[in-house]
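# Analysis of the macromolecular model
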Amino acid sequence: MKHFEKESLGLFPTPMHRLPNISRELGTNVWIKRDDLCGVALGGNKVRKLEYLLHDAKQQGYDLIMTTGQAQSNHAMLTAACARRLGLDCILLLKDRGITARKGTQILNHLRGVEVRYMDTDSYDEIYREMDRIGAELGRKVYKIPCGGSNALGTLGYIDCMREIAASGQHFDHLVCACGSGGTAAGCVLGARLHLPHTQVMCSMVDNEPFEQIVTELMQQAAELLEIQVDIPVPQLLDMCGPGYSIPSAEGNAAIEMMMQLEGIVLDTCYTGKAFAGLVRRAKEGYYKADDNVLFIHTGGAGGLFAQDWDAE
Ligand SMILES: Cc1ncc(COP(=O)(O)O)c(C=O)c1O
């Protein structure tokens, strides 16, 4: 397997522990992998991807990082935080969609002092063209990180996470993660095939994209990058999107309340609440046995929770 260098940006391995009260409530052993506690801003899955992506940017001599996402994007916020730690400039070109007010992750962008520009478009292609235009205007070499950091190199981040879990020696029958742009899911499914062959991975989809194709392609590209021959698994996907991407769902909010009330751990409305709701739904359907170990990957995102207007619900 080809080796790729990366920057050290997070505190890894992240903690992993059993959730005693939720385990009792759901009748199986539920564990949590705390990638929300990875040490940058409010933590989250993007740090593992950014360790590879920003190393690549530095190696290739880029000095201006640009990325995109929705107004409350955790990925964009963490890209800015990590880029500055490495002395790289960063501009965020966000979609003018969702909560643009200085709330939630936008407070962190403001504290970070990062330049945020909004574009009134639904087309990422248009945003990437605008990145090129800004780069040319500024005379800077722009490293464009795709939405969610989900490309072949970013996918290596969650392959590492699966290796990290395997190294703990704890066996898991099942693992559940969020799927928003596909890179985390691709890393978990391919990484489990390589390092946790007896663990079933289920990905809770929080958006309405053709994820079977997206996740499969990312796994193929990551396998090519690593120069490994492996049967690419078919990803197990569960539709947890509810009323729409980044719109809170009743099932997701119930899961957020369960996690907060029983374990005092914060989930968010866009990703981790809906992802954990997938685990709860499966447990209630009797999918897990009483002595199974089920691992939930906490991918961060708490900032987004504080952009929500809870009174209005
Ligand atoms: C907190 C959080 N969890 C999960 C995800 C989904 O990860 P991915 O984009 O790799 O599918 C995201 C994506 O932005 C996120 O911010």
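Throughout this document, residue positions are counted from 1 along each chain, in the order its sequence is written. Thresholds applied to this predicted model are a pLDDT of at least 70 for local features of residues and 80 or more for the giving and counting of side-chain atom pairs; totals over whole chains, interfaces and linings are not thresholded and use all residues.

For two strands to be treated as a pair, DSSP must find no fewer than two bridges joining them. Numbering of helices and strands runs from the N terminus, with a helix taken as a DSSP run of H or I at least four residues long and a strand as a DSSP run of E at least two residues long. Of the pairings in the sheet, the one linking strand 4 (residues 89-95) to strand 5 (residues 115-119) comprises five bridges and is parallel in character. Directly across from leucine 94, in strand 5, lies its bridge partner tyrosine 118. Classification remark: right-handed applies to a crossover when, strands pointing away from the viewer, the course from the first strand over the helix to the second runs clockwise. Regarding the hand of the β-α-β motif, the stretch spanning strand 4, helix 4 (residues 105-112) and strand 5 is right-handed.

A few words now on the site of the ligand. If you check the shell around the ligand, you find 19 residues, and the closest are Gly148, Gly180, Thr184, Thr299 and Gly301. Broken down by secondary-structure element, the contributors of at least two residues to the shell around the ligand are helix 3 (74-85), strand 7 (174-179) and helix 7 (183-195). Top contributing element to the shell around the ligand by residue count: helix 7, with three residues. Each residue belonging to the shell around the ligand can be placed in one class, and the counts come to four nonpolar, 15 polar and no charged. The domain boundaries here were taken from an automatic or database domain assignment. For the shell around the ligand, the two domains that each supply at least three residues are domain 1 (16-44 + 150-312) and domain 2 (46-149). Using a C-beta atom placed from the backbone, a residue is described as near a molecule or strand when that atom lies within 6 Å of it. As a working rule, the residues Ala, Val, Leu, Ile, Met, Phe, Trp, Tyr, Cys and Pro are called nonpolar, Asp, Glu, Lys and Arg charged, and the rest polar, with Gly in that last group.

As a further point, take the domain arrangement of the protein chain. When cut into domains, the protein chain gives domain 1 (16-44 + 150-312) and domain 2 (46-149). If you average the C-alpha positions of domain 1 and of domain 2, the two centres end up 24 Å apart. Each residue is represented by a C-beta atom placed from its backbone, and any two residues with such atoms within 7 Å are regarded as in contact. Each partner contributes to the interface: domain 1 provides 23 residues, whereas domain 2 provides 25 residues. Put simply, the parts of the chain that give the side of domain 1 that touches domain 2 at least two residues each are helix 6 (152-168) and helix 11 (302-305). Among the elements that line the side of domain 1 that touches domain 2, the one with the most residues is helix 6, at seven residues. Tallied by class, the residues present in the side of domain 1 that touches domain 2 amount to nine nonpolar, 13 polar and one charged.

Attention now moves to unusual backbone geometry. Cis geometry marks the peptide bond from phenylalanine 12 to proline 13, where omega comes out at 5°. As for its placement among the helices and strands, proline 13 is situated in the segment before strand 1 (16-18). Phi at glutamate 227 takes a positive value of approximately 55°, unusual for a residue other than glycine. Here glutamate 227 lies in the loop between helix 8 (211-226) and strand 9 (236-239). Residue serine 246 is not a glycine yet carries a positive backbone phi of 70°. In this structure, serine 246 sits in the loop between strand 9 and helix 9 (250-263).

What follows concerns the pairing of strand 7. Using C-beta atoms placed from the backbone, we call a residue buried if 20 or more other C-beta atoms fall within 10 Å of its own, exposed if 12 or fewer do, and partly exposed for counts in between. The buried fraction of strand 7 amounts to six of the six residues, a majority that puts the element mostly inside the structure. Both strand 7 and strand 8 (residues 200-205) contribute to a ladder of six bridges, which runs parallel. Looking across to strand 8, one finds that cysteine 177 is bridged to cysteine 203. Of the strand pairs in this sheet, strand 7 and strand 10 (residues 293-298) are connected by three bridges, and their pairing is parallel.

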